[in-house]
Amino acid sequence: MNTDQLNHYKSKLDFEMDSYDVYEALGNGEAIVVVDGRSAEAHATEHIPGALSLPHRTISADSTASLDRSPTYVCYCDGIGCNASTKTALKLLMLGFEVRELIGGLDWWKRDGYATAGENPQPGTEVACGC
């Protein structure tokens, strides 16, 4: 067995989640906060139900001072062609938060059949978290 490869795959799972993982974690009441790192306008148009709008460009010690640092913050953006989730995760990590990235962002969330909220919501499987 290649130990480097094994550690690589383990690390990926420590830092990333897919849509199903997030859906299950929310449904099971796990301590996660879903964070939309896109603009406030994009969030208003459509977002994962219950997601916190925290545009990566606005993240600072001041803008996050009131946030609880105990849950894991799962960051997302539009999808694989967008790096707002990476920027959001990096900034939150540097401020002392535990973070993960949602693989595929909002695009894969919808492709996996989950509902969205906002001005332009899409139907799908509802998140069972009271969001």
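Everything numeric in this text was worked out from a predicted model, so none of it was measured.

### Topic: the pattern of salt bridges
Line of reasoning, step 1. Within this structure, the stated rule accounts for four salt bridges.
Line of reasoning, step 2. The salt bridge partner of arginine 38 is aspartate 78, with a shortest N-O separation of 3.0 Å. Pair noted here: arginine 38 is in the loop between strand S2 (32–36) and helix H3 (40–45) and aspartate 78 is in the loop between strand S4 (72–76) and helix H4 (84–94), with a separation of 40 residues, a long-range link.
Line of reasoning, step 3. On the accessibility criterion, aspartate 78 (41% relative accessible area) is partly exposed.
Line of reasoning, step 4. Put simply, lysine 110 and glutamate 46 hold a salt bridge, and the shortest N to O gap is 3.1 Å. Linking lysine 110 in helix H5 (residues 105–111) with glutamate 46 in the loop between H3 and strand S3 (52–53), this pair joins segments that are 64 residues apart in sequence.
Line of reasoning, step 5. With relative accessibility at 32%, the residue lysine 110 sits in the partly exposed group.

### Remarks on the packing of aromatic side chains
In this description, an aromatic ring pair is defined by two values, namely the gap between the centres and the angle between the planes.
Line of reasoning, step 1. Evaluation of the coordinates by the stated rule reveals three aromatic pairs.
Line of reasoning, step 2. With centroids separated by 4.7 Å and ring planes inclined at 25 degrees, the aromatic side chains of tyrosine 23 and tyrosine 114 adopt a geometry described as stacked. Of this pair, tyrosine 23 sits in helix H2 (residues 19–27) while tyrosine 114 sits in the segment after H5, and the two are 91 residues apart along the sequence. For the pair tyrosine 23 and tyrosine 114, a shared accessibility class is recorded, and that class is buried.
Line of reasoning, step 3. An angle of 35 degrees between the planes, with centres 4.7 Å apart, marks the rings of tryptophan 109 and tyrosine 114 as tilted.
Line of reasoning, step 4. Among the aromatic residues, ring-to-ring pairing joins Tyr23, Trp109 and Tyr114 into one connected group.

### Observations regarding the environment of alanine 84
Line of reasoning, step 1. With respect to the helices and strands, the residue alanine 84 is situated in helix H4.
Line of reasoning, step 2. Overall, alanine 84 belongs to the buried group, its relative accessible area being 6%.
Line of reasoning, step 3. Through-space distance from the C-alpha of alanine 84 to that of threonine 45 is 16 Å; in sequence the pair is 39 residues apart.
Line of reasoning, step 4. Look past the residues within four positions of alanine 84 in its chain and what remains in contact with it is Gly37, Arg38, His56 and Cys77.

### Side note on the side chain of serine 85
Line of reasoning, step 1. Position of serine 85 among the secondary structure elements: in helix H4.
Line of reasoning, step 2. By relative accessible area, which is 4% here, serine 85 ends up buried.
Line of reasoning, step 3. Of the polar contacts made by the side chain of serine 85, one reaches the side chain of glutamate 101; its length is 2.6 Å.
Line of reasoning, step 4. In this structure, serine 85 is in contact with Cys75, Tyr76, Cys77 and Glu101, ignoring residues within four places of it in sequence.

### Section: the sheet that holds S4
Line of reasoning, step 1. Sheet architecture is open: five strands sit in the order S1-S5-S4-S2-S3, paired in parallel fashion. The two strands at the open ends of the sheet, each matched to only one other strand, are strand S1 (16–17) and S3.
Line of reasoning, step 2. Pairing between S1 and strand S5 (residues 98–102): two bridges, direction parallel. Bridged to methionine 17 within S5 is leucine 102.

Conventions used here
Residues numbered from 1 in each chain as written. Predicted model: local features only at pLDDT ≥ 70, side-chain atom pairs only at ≥ 80, totals over all residues. Heavy atoms only, no water. Salt bridge = Lys/Arg side-chain N within 4 Å of Asp/Glu carboxyl O. Helix = DSSP H or I, 4+ residues; strand = E, 2+ residues; numbered from the N terminus. Buried < 20%, exposed > 50% of the residue type's maximum accessible area, 1.4 Å probe, protein only. Phe/Tyr/Trp six-rings, centres within 6.5 Å; stacked < 30°, edge-to-face > 60°. Contact = heavy atoms within 4.5 Å. Polar contact = N/O pair within 3.5 Å; in protein donor to acceptor, adjacent residues only side chain to side chain. Pairing = 2+ DSSP bridges.

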